[in-house]
Amino acid sequence: MSFLRTLIPFDIAGGMKLTGRYFGKVFFSANRKKVRTEIKHFTQEYPEVAVRLQPRFRGRLTLLKDEQGEIKCVCCLACEKICPTQVITIEKGKKEGRKMPFPVRYDFEMERCIFCEFCVESCGFDSIILNHQFELAGYNREDFSLGMEGMAQNMFEPSPVGRHSVAED
Amino acid sequence: MPIQAIQMTLTQTLVMGLLQIVVVLIAVFIMVPLLTFAERKVIGYIQVRLGATRLAGGHVGITGPMNRVMWSMGKVPMLSILRGLPIFIADALKLITKEDIIPAKADRGVFTLAPIISVMAAFGVFAAVAYYPGVMFYLPKGFPIVGGLPFQGFITDVNVGLLFILGLASVGVYGIVLGAWASNSKYPLLGGLRSAAQIVSYEVPLTLSLLVPVLLAGSLNFKEMSILLATGKGLHPLAIIPLFIGFFVYLTCGFAETNRVPFDLPEAETELVAGFHTEYSGMKFGFFYLAEYANMIVVSALATAFFLGGHYLLPFGLQRFIPETVPFLGQPSFIFFLGKVCFILFVFLWVRATLPRYRYDQLMDVAWKYLLPLTLVNLFIAALIRFAF
């Protein structure tokens, strides 16, 4: 029996079967028609196709809004206190028809940010996240000081580089 | 299949031969870059990647429009495989335009001669390979000098074609060894020595495994052998056993002969820098490259013709079960030959992506301890079937 096993390469056949199966999988799903076939390969065709990121990817800091489009932040300053590099500055304010305090300014100095996600963890109101933007390069220094308003430094807008993205939807 | 003897003048014979040589050469010169492209793609797919999908430059610059076209091709099911196809032109252009460096202390004459020997040995073999055992088509009447003459599926009909092929193929090792020695460098020399030992070892089981079809067909003529082994006329039904074993032994030895993984010890990247062609650059390196891939095509063609039924549909002489009156499947066709060659070339790439390299002593073990006795037993079985039944 062991003689036969020496003579007939079962192990090689097993290996070929495995790689052949992977070849078939990728071969029949290599096109980007996501409707019919699920994509099986790991290659990211980045500039043309949007990148598939892990759900816990830590990108740029963003304020979240509730269903009415109101900013959820209540200016408890927990994120400002816990931030190791002190990149968050919040100015407390009032708004008509809102009981809770409202952030008049929420400044985020991205050039010093270390993307540790402590601010998101400390937030008791789930009002900030690190979103999935990774094209964070800027054209000048002001691009890194983000706030709630303005075009170049608006944290709700895509980043200056991401604005020129050619990815299909 | 009898070919009508058409009287041709000397000029016509020469022009016809030249024409066929040019056609075969062009076919090989197209197939080799396509094979390198297929290699990237197949290995990419097996490793759950996509392989080459674009040229350098992204979506701007000279290659921009081409890349954009390829990007939109990615959405179409069948065309998505062909993305990155222009890269084979880029590869060839790169090889041609690179500087051709000859090391200062190299033996200039031999250094230049070695790749030429390799390429000649690889390409000369095509002279005796029959792609189709007969007339493929008739040239149009308006063709100069050879108008209206049959274009045959082989260049020459050598009556010892297999000997010619084996003899010329074994010359290829000279190219490798001479190139390695003439480089005047340590790593190429080691690679060349390994290559010599390996190819000389594997030549033995390779030839012995090819003796099985020779014995069963009773001929050394490529055309006759391929027809007889495919149609199975006069073959005992049991002849499938030695043919089946012989096919796998032949394929294994073919991998070793062409220095492909898992027998790519001459160019073991992890131990020797690149093997025998470390000091080669530019088109001289391109010649070695070309020779290796041309050898792959030759090995595939031989395996197809002698074991897989050549230009008929079914392998191992099983074609006898399909009567010749069946319109397409029963008839010989060049498409079957091409398809089988492409499949074996795919197996080459498939094995490369699957198996790790053998150690040097294991390599020799495989050749002398396992393959050689196996082929001898196989040959004995074949002889028994040929003469006892």
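Bear in mind the structure is a predicted one, so any value in this text is a computation, not a measurement.

Rules used throughout
Residues numbered from 1 in each chain as written. Chains lettered and ligands numbered in written order. Predicted model: local features only at pLDDT ≥ 70, side-chain atom pairs only at ≥ 80, totals over all residues. Heavy atoms only, no water. Domains from an automatic or database assignment. Contact = heavy atoms within 4.5 Å. Buried area = accessible area lost by both parts, 1.4 Å probe. Salt bridge = Lys/Arg side-chain N within 4 Å of Asp/Glu carboxyl O. Polar contact = N/O pair within 3.5 Å; in protein donor to acceptor, adjacent residues only side chain to side chain. Core = buried A, V, L, I, M, F, W, Y, C linked by side-chain atoms within 4.5 Å. Buried < 20%, exposed > 50% of the residue type's maximum accessible area, 1.4 Å probe, protein only. Helix = DSSP H or I, 4+ residues; strand = E, 2+ residues; numbered from the N terminus. Pairing = 2+ DSSP bridges. Axes fitted to C-alpha atoms, helices over the stretch in contact; angles between N-to-C directions. Parallel < 35°, antiparallel > 145°, perpendicular 65-115°, else oblique. Nonpolar A, V, L, I, M, F, W, Y, C, P; charged D, E, K, R; others polar. Left-handed = near helix turned anticlockwise from the far one by under 90°.

1. What to know about the domain arrangement of chain A
- What the domain assignment lists for chain A is domain 1 (2–38) and domain 2 (61–163).
- Each of domain 1 of chain A and domain 2 of chain A has a C-alpha centre, and the two are 48 Å apart.

2. Comments concerning the interface of chain A and chain B
- Taken together, the 25 residues of chain A in the interface contact 26 residues of chain B.
- With both sides pooled, the region where chain A packs onto chain B buries about 2500 Å², and carbon together with sulfur makes up 69% of that total.
- Our enumeration of links across chain A and chain B arrives at zero salt bridges.
- Our count for the contact surface shared by chain A and chain B stands at five residue pairs in polar contact (both at pLDDT 80 or more).

3. Focus on the nonpolar core
- Among the nonpolar cores identified, the biggest contains 88 residues, and B:Y202 and B:F306 are the most heavily contacted of them.
- Top contributing element to this core by residue count: helix α9 (residues 282–306) of chain B, with 13 residues.
- In this view, B:Y202 contacts B:C253, B:A256, B:E257, B:F263, B:L363, B:V366, B:A367 and B:L371; residues no more than four positions away in its chain are not counted.
- Counting 24 residues, the second-largest nonpolar core is a separate cluster that includes A:L61, A:I71, A:F102 and A:F108.

4. Quick notes on the environment of A:K65
All names here are of chain A.
- Note that K65 resides in the loop between β1 (61–63) and α3 (78–82).
- Counting along the chain gives 62 residues from K65 to S127, while the straight-line C-alpha distance between them is 7.2 Å.
- For K65, the residues in contact, after removing those within four places along its chain, are E70, I71, K72 and F156.

5. Focus on the pairing of strand β2 (residues 150–154) of chain B
Residues and elements named next belong to chain B.
- Most of β2 sits out of view: four of its five residues are buried.
- Pairing between strand β1 (residues 130–138) and β2: five bridges, direction antiparallel. What sits directly across from F137, in β2, is F151.

6. What to know about the packing of helix α1 (residues 10–46) of chain B against α9(B)
Residue and element names in this part refer to chain B.
- In the contact formed by α1 and α9, the axes pass within 10 Å of each other and the chain directions differ by 95°. Considered as vectors, α1 and α9 are oriented roughly perpendicular to each other. Packed against α1, whose contacting residues are V28, F29, M31, V32, L35, T36 and E39, the element α9 presents Y289, L290, Y293, A294, M296 and I297 at the interface.
- Partitioned by chemical class, the residues of the contact of α1 with α9 number 11 nonpolar, one polar and one charged.

7. Remarks on the packing of helix α4 (residues 108–124) of chain B against helix α5 (residues 161–182) of chain B
Residues and elements named next belong to chain B.
- At a minimum axis separation of 8 Å, α4 and α5 run at an interaxial angle of 160°. Accordingly, the angle class assigned to the pair α4 and α5 is roughly antiparallel. Considering how the two elements wind past one another, α4 and α5 form a crossing that is left-handed. Across the interface between the two elements, V110, F111, A114, I117, S118, A121 and G124 from α4 touch F164, L168, V171, G172, Y174, G175, I176, L178, G179 and A182 from α5.
- For the contact of α4 with α5, the class distribution of residues is 12 nonpolar, five polar and no charged.

8. Details of unusual backbone geometry
Residues and elements named next belong to chain B.
- A positive phi angle, close to 60°, is found at V48, a residue other than glycine.
- Take V48: it is sitting in the loop between α1 and α2 (64–73).
- The backbone of N184 sits at a positive phi, close to 55°, despite the residue not being glycine.

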